[in-house]
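# Remarks on the overall topology
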Amino acid sequence: MWGIWPAKLKSGKISGMLSEHQARFLANRRVGHLATADARATPHLVPVCFVVSEGALYITIDQKPKGDVRSLKRLRNIVENPRAAFVADRWDEDWTRLGWVMLRGPAEHDRAQVLLRSRYPQYRGMALEDLPVIAIRIERATSWGDLSVE
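The paragraphs below set out a description of the structure included in this document. (Residues numbered from 1 in each chain as written. Predicted model: local features only at pLDDT ≥ 70, side-chain atom pairs only at ≥ 80, totals over all residues. Heavy atoms only, no water.)

## Describing the side chain of Arg 74
The criterion, for reference: The helix and strand labels rest on DSSP assignments: H or I over at least four residues marks a helix, E over at least two residues marks a strand, and numbering proceeds from the N terminus. Relative accessibility decides the category of a residue: with a 1.4 Å probe and only protein chains considered, values under 20% of the type maximum give buried, values over 50% give exposed, and everything between is partly exposed. Positive residues here are Lys and Arg, negative ones are Asp and Glu, while His and the chain termini are left out of the count. Salt bridges, as used here, are contacts in which a Lys or Arg side-chain nitrogen is within 4 Å of a carboxyl oxygen on Asp or Glu. In what follows, residue pairs with any heavy atoms lying within 4.5 Å of each other are defined as contacts.
Structurally, Arg 74 can be placed in helix 2 (residues 73-80). For the buried residue Arg 74, which engages in no salt bridge, the nearest side chain bearing the opposite charge is Asp 62, 6.5 Å off. Those residues in contact with Arg 74 that lie beyond four places of it in its chain are Leu 34, Thr 36, His 44, Val 46, Val 48, Ile 61 and Ile 134.

## As for the nonpolar core
Keep this limit in mind: What makes a nonpolar core is a set of buried Ala, Val, Leu, Ile, Met, Phe, Trp, Tyr and Cys residues whose side-chain atoms join them at distances within 4.5 Å.
Among the nonpolar cores identified, the biggest contains 36 residues, and Leu 26, Leu 34, Phe 50, Tyr 58, Phe 86, Leu 103 and Ile 134 are the most heavily contacted of them. Among residues more than four places away in sequence, those in contact with Leu 26 are Leu 18, Phe 50, Val 52, Phe 86, Ala 88, Val 101, Leu 103 and Arg 119.

## Thoughts on the pattern of salt bridges
Scanning the model with the defined rule gives 6 salt bridges in all. Taking the shortest distance from any N to any O, the salt bridge between Asp 38 and Arg 40 comes out at 3.9 Å. In this structure Arg 40 comes out as exposed when scored by relative accessible area, which is 70%. A salt bridge links Asp 146 to Arg 97; its shortest N-O distance comes to 3.9 Å. Here the residue Asp 146 occupies a position in the segment after strand 10 (140-145), and Arg 97 occupies one in the loop between strand 7 (83-90) and strand 8 (99-109), the gap between them amounting to 49 residues. Ionic contacts of the salt-bridge type, sharing partners, join the residues Arg 90, Asp 92, Arg 97 and Asp 146 into one network.

So, in structure tokens, the structure goes:
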């Protein structure tokens, strides 16, 4: 199903833009794809590890074997054009099981390594403290398909 829903807490209050189904679907995905664009609107898409918390999507820049991480295209794009999108999906040969959630909003740098380290044990041994984190403040969440969790 296609949908744009605000998430409701048990108290009935609106929190962020995610429905409970969307939030569960994202919590069960291990990889997503971050889309950024430069000032000329040239798109750039990369697979990323992520965590969603309190109305924001967090993606850390981890240690890279080559060069300065601050020169990464996704970071340069965010400086030039802060609009970003992210999608996490599930593919299955049984097309009734296909599904995805897309998040859109302004991207900014933030510190969220504690959340990311709790989700990805691989980050626990990395020196991430001085590396950038991308935070996308969720303004819009859309989804399609089967968002059930296996």
